[in-house]
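Each chain, letter by letter, is given below.
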Amino acid sequence: MTTAQTSPELDVSPTPLALLLLGREADPRSERGVECPGDLPSPSDPDLVERARAAKEKLGEKVFVLGHHYQRDEVIQFADVTGDSFKLAKDAAARPEAEYIVFCGVHFMAESADILTSDDQKVVLPDLAAGCSMADMATAEQVAECWDVLTEAGVAEQVVPVSYMNSSADIKAFTGKHGGTICTSSNAKRALDWAFEQGEKVLFLPDQHLGRNTAVRDMGMSLEDCVLYNPHKPNGGLTTEELRAAKMILWRGHCSVHGRFSLDSVNDVRERIPGVNVLVHPECKHEVVAAADYVGSTEYIINTLEAAPAGSKWAIGTELNLVRRLANRYADQGKEIVFLDKTVCFCSTMNRIDLPHLVWALESLAEGNLVNRIEVDKETESFAKLALERMLALP
């Protein structure tokens, strides 16, 4: 047996990133690695449902609970409204009498709610570690460096940034500051149409797949019109000539849930279920979208299944909590609704909002203790709101 010896010249102290990933440090500008203070009730507590109900009742109209479609059923049952991230942020702004907005979603969604609500309202995220892997793939520092690359290539003045709603407040602020707009998965084409009226190129952040699918599938561009900017490579891994020739500069980001669906998944489900309709979210890879029968946002998926004829068969490429909920909702109508992939895949960060965290947040608020507040600084908020207002003004 040998004993490893450490050279005295070797620096073995952990890096800030390593500490962050281990949960031993917090980065207030990141959506990961932050702690949830206080003692949570046990997940095995049989009184959790009643405790949540009692705390919510005690708070009355002072609290407004938002539930994203991807939340687990045990949480969604306490939501006053359900929807996608932008709908929920708008719903919160429409309830100025609610002192507390409890957002059962992820960090960037709570940030958007804080941006759109009044200064008197306080947005609470039951678990601060409920982030978004896609939003984390574009940091303010990386995007600023990207803009420097575009400037050095002589194309920055031609570029209009368009950022997906699924981005941090910092990225939304960058977008607003540089004359761009925000988009959702349902209005991405309108946002890109607007952007190309303002400039010759678009920097699309942070989801490459939504940007590519919208440009190619909905706007008639070619795959050659799109280049992929990798923030982990010098100059994004692109030459000056590639940047000058491109129409769409796509950020190298993706959704960890929608990115897992493959062309094999589509082919396999068609073999297993004859006559099946394949319906996927535009965050899926281009080859999956191209092979699907229907493509659309979360709201589009919900509305399509609601309008589907009884006895129809559907394979859905989106988050499993929603797919399972829709399958149960329409089972009595004979609609067969299955998950597109054989492997179960929840959104791991969205699922951090569980019943114990919700109970803890509601009970804390009921006792007069403000916890886990999400608050965007005023400068960031002003530029982010500018970008959001440009989206709201889209024709």
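Residues numbered from 1 in each chain as written. Predicted model: local features only at pLDDT ≥ 70, side-chain atom pairs only at ≥ 80, totals over all residues. Heavy atoms only, no water.

Here we take up the sheet that holds strand 6 (residues 181–183). Within a beta sheet, neighbouring strands are joined by backbone hydrogen bonds and run either parallel or antiparallel to one another. Taken in spatial order, the five strands make up an open sheet running 6-5-7-9-8, and their pairing is parallel. Pairing within the sheet leaves two strands with one partner each, and these edge strands are strand 6 and strand 8 (226–229). Neighbour to neighbour, the strand axes of the sheet diverge by 25° on average, direction disregarded. One ladder, built from three bridges, connects strand 5 (residues 159–164) with strand 6; its direction is parallel. Across the sheet, the residue bridging to Val162 is Thr181, located in strand 6. Lying on the sheet, helix 9 (residues 188–198) is in contact with strand 5, strand 6, strand 7 (201–205) and strand 9 (248–251); it crosses strand 5 at an angle near 165°. (Pairing = 2+ DSSP bridges. Helix = DSSP H or I, 4+ residues; strand = E, 2+ residues; numbered from the N terminus. Axes fitted to C-alpha atoms, helices over the stretch in contact; angles between N-to-C directions. Contact = heavy atoms within 4.5 Å.)

Side-chain pairs of opposite charge can arise whenever the charged atoms involved come near each other. Following the criterion strictly, the structure yields 20 salt bridges and no others. The closest approach of N and O atoms between Lys56 and Asp80, which form a salt bridge, is 2.8 Å. Remark: Asp80 occurs in the loop between helix 3 (73–76) and strand 2 (81–83) and Lys56 occurs in helix 2 (residues 48–59); sequence separation between them is 24 residues. Here Lys56 falls in the buried class, since its relative accessible area comes to 19%. What makes Asp80 partly exposed here is its relative accessible area of 36%. Through salt bridges with shared partners, a single ionic network connects Asp45, Arg51 and Glu363. (Salt bridge = Lys/Arg side-chain N within 4 Å of Asp/Glu carboxyl O. Buried < 20%, exposed > 50% of the residue type's maximum accessible area, 1.4 Å probe, protein only.)

Another point: the side chain of Thr318. As for its position among the elements, Thr318 is in the loop between strand 12 (313–317) and helix 15 (320–329). A polar side-chain atom of Thr318 sits 2.8 Å from a polar atom in the side chain of His258. Apart from residues lying up to four places away in sequence, Thr318 is in contact with Tyr70, Val257, His258, Phe261, His281, Ile301, Val323 and Phe339. (Polar contact = N/O pair within 3.5 Å; in protein donor to acceptor, adjacent residues only side chain to side chain.)

This part covers unusual backbone geometry. With an omega dihedral of -20°, the bond running from Leu205 to Pro206 counts as a cis peptide bond. Notably, Asn235 is not glycine yet its phi reads approximately 55°, a positive angle. Within the secondary structure layout, Asn235 lies in the loop between strand 8 and helix 11 (240–245).

Applying the stated criterion across every chain yields a total of four aromatic pairs. Between Phe261 and Phe339, the aromatic rings sit 5.4 Å apart at their centres with planes inclined by 65°, giving edge-to-face as the arrangement. Of this pair, Phe261 sits in the loop between strand 9 and helix 12 (263–272) while Phe339 sits in strand 13 (residues 336–339); the two residues are 78 residues apart in sequence, bridging distant segments of the chain. Across the pair, exposure class does not vary: Phe261 and Phe339 are buried alike. Its guanidinium or amino end placed over the ring of Phe64, Arg95 lies 4.2 Å from that ring's centre, counting from NZ or CZ. The ring of Tyr330 has Lys335 sitting right over it, with the charged end atom 4.3 Å from the ring centre. (Phe/Tyr/Trp six-rings, centres within 6.5 Å; stacked < 30°, edge-to-face > 60°. Lys NZ or Arg CZ within 6 Å of the ring centre and 35° of its normal.)

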